[in-house]
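Here's the letter readout for the chains.
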Amino acid sequence: MLADKVLEGDIQASARLITLIADESPRLTAELDRIYPYTGKAHIIGITGSPGIGKSTSVNALIEVFRSMKMKVGVIAVDPTSPFTGGALLGDRIRMQQHSLDKGVFIRSLASRGWQGGLAKAAINAIHVMDAMGMNIILVETVGVGQCEVDVARFVDTSIVILSPGTGDEIQVAKAGIMEIADIFEINKADKPGAKNLAIEVEGMLEMKNFAPGEWKPSVVLVEAINGKGIKELADQILKHHEYLISSGGLDKRRKERAKQELIGAIEDSVRDHFYAMIEQDQNLDELVDNFVKRKANPRSTALKVIGQFTKQFDKAQDSAA
Ligand SMILES: Nc1nc2c(ncn2[C@@H]2O[C@H](COP(=O)(O)OP(=O)(O)OP(=O)(O)O)[C@@H](O)[C@H]2O)c(=O)[nH]1
Ligand SMILES: [Mg+2]
């Protein structure tokens, strides 16, 4: 099993397992079952922001800081806009190549095949693999374009949102509810005019929110990722947030919520699989559709009928599996 090698920290086996995840291989369930008990140790950090804002440059710089602290660092670059073999991620790979000989750094990309929900799930499973192989820090880079980064954000411990001056991003942030997911705001490209004003603006937005005593108030850090400026401060805030999560009990809360989401996802998957398998085999379905088309039955009652049939067959399948 690949999973056994993953648990020994084997880079090649881990890379292959992540490929299986991307391919949605049927072998996956058994492999993931094997590693699951060994997950939950890593500090998972999400980094999101518009295309070209400096996510990869920041990740690259953060790798250096965490490596100097002797931590092992995993990176997952999630790209919902390009296909699996797309060129967009190549740039990231080249940029991060300086770390390619370092055994304490493991970088993988996941790109979309057009099914967003699947991509978030793939990212979460890739996080599990990196966690199980012994990475202390896992950085997850997602482009802030839609639902996907919000989905992934629910699966991280610390969420960094990058903004930069002159992009009009702050309006997007306020609108898209990203304000709610950020634990740290990184104002990148601080070498450009307007960075300080943007930081003040974001701090102003934060002032309008009410924080309970002892609650984490998102920090705003000015960074020039390209020159490594402010990266140490960013890393300090990341570690400070982790300490806060541990001391406040927030980490357990987030992990419980995550476990719940994963369970719901697993239930949905398994119901969907059985359901489609049943529909494929069911001759009765044609008749139901006909009645439906001829307006002899309405959609809701037809659906309930089909679900009733499904439940019976599902029970039967469970009995024979037991
Ligand atoms: N002036 C300036 N440019 C920067 C800074 N950080 C990154 N850049 C430049 O911004 C461009 C995009 O950087 P990336 O790190 O690839 O941005 P990204 O957010 O990962 O981009 P995608 O993954 O394509 O969404 C590159 O040309 C970087 O050199 C900075 O602090 N200042
Ligand atoms: Mg990038």
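Residues numbered from 1 in each chain as written. Chains lettered and ligands numbered in written order. Predicted model: local features only at pLDDT ≥ 70, side-chain atom pairs only at ≥ 80, totals over all residues. Heavy atoms only, no water.

Participant: Lay out helix H11 (residues 231-248) with the relevant residues and their values.
Facilitator: End to end, H11 covers 25 Å across 18 residues, agreeing with the expected 26 Å (1.5 Å per residue, within 8%). Those residues of H11 lying buried are Ile231, Leu234, Ala235, Gln237, Ile238, Leu239, His241, His242 and Leu245. If you follow the buried residues of H11, they end up packed against strand E1 (43-49), helix H4 (55-68), strand E5 (158-163), strand E6 (184-187), strand E7 (219-222) and helix H12 (250-281). At the exit of H11 stands glycine 249, carrying a positive phi of roughly 85°. (Helix = DSSP H or I, 4+ residues; strand = E, 2+ residues; numbered from the N terminus. Expected span 1.5 Å × (residues − 1). Buried < 20%, exposed > 50% of the residue type's maximum accessible area, 1.4 Å probe, protein only. Contact = heavy atoms within 4.5 Å.)

Participant: Could you give an account of the pattern of salt bridges, naming the residues involved and the relevant values?
Facilitator: It is possible for side chains of opposite charge to pair when their charged atoms get near one another. Under the definition given, this model contains eleven salt bridges. Across the pair aspartate 102 and arginine 67 runs a salt bridge, and its minimum N-O distance is 2.8 Å. Here aspartate 102 is found in the loop between helix H5 (88-95) and strand E3 (105-111), whereas its partner arginine 67 is found in helix H4, with 35 residues between them in sequence. Given the relative accessible area of 23%, aspartate 102 is considered partly exposed. Judged by relative accessible area, arginine 67 falls into the partly exposed class, the value being 24%. Salt-bridge contacts for arginine 272 lead to aspartate 269; the nearest nitrogen and oxygen are separated by 3.2 Å. Separated by three residues within a single helix, arginine 272 and aspartate 269 lie in helix H12, roughly one turn from each other. (Salt bridge = Lys/Arg side-chain N within 4 Å of Asp/Glu carboxyl O.)

Participant: Any chance you could break down the coordination of the magnesium ion (ligand 2) for me, citing the residues and the numbers?
Facilitator: Within the protein, Ser56 (OG) and Glu141 (OE) serve as the donor atoms for the magnesium ion (ligand 2), at 2.1 to 2.2 Å. Linking serine 56 in helix H4 with glutamate 141 in strand E4 (residues 137-143), this pair joins segments that are 85 residues apart in sequence. (Donors = N, O, S within 2.8 Å, 3.2 Å for Na, K, Ca; no water.)

Participant: Explain the side chain of aspartate 157 to me, and be specific about the residues and the numbers.
Facilitator: Within the secondary structure, aspartate 157 is located in the loop between helix H7 (147-153) and E5. Beyond its immediate stretch of four places on either side in the chain, aspartate 157 contacts Ala42, His43, Ile44, Asp183, His241, Leu245, Leu251, Arg254, Arg255 and Arg258.

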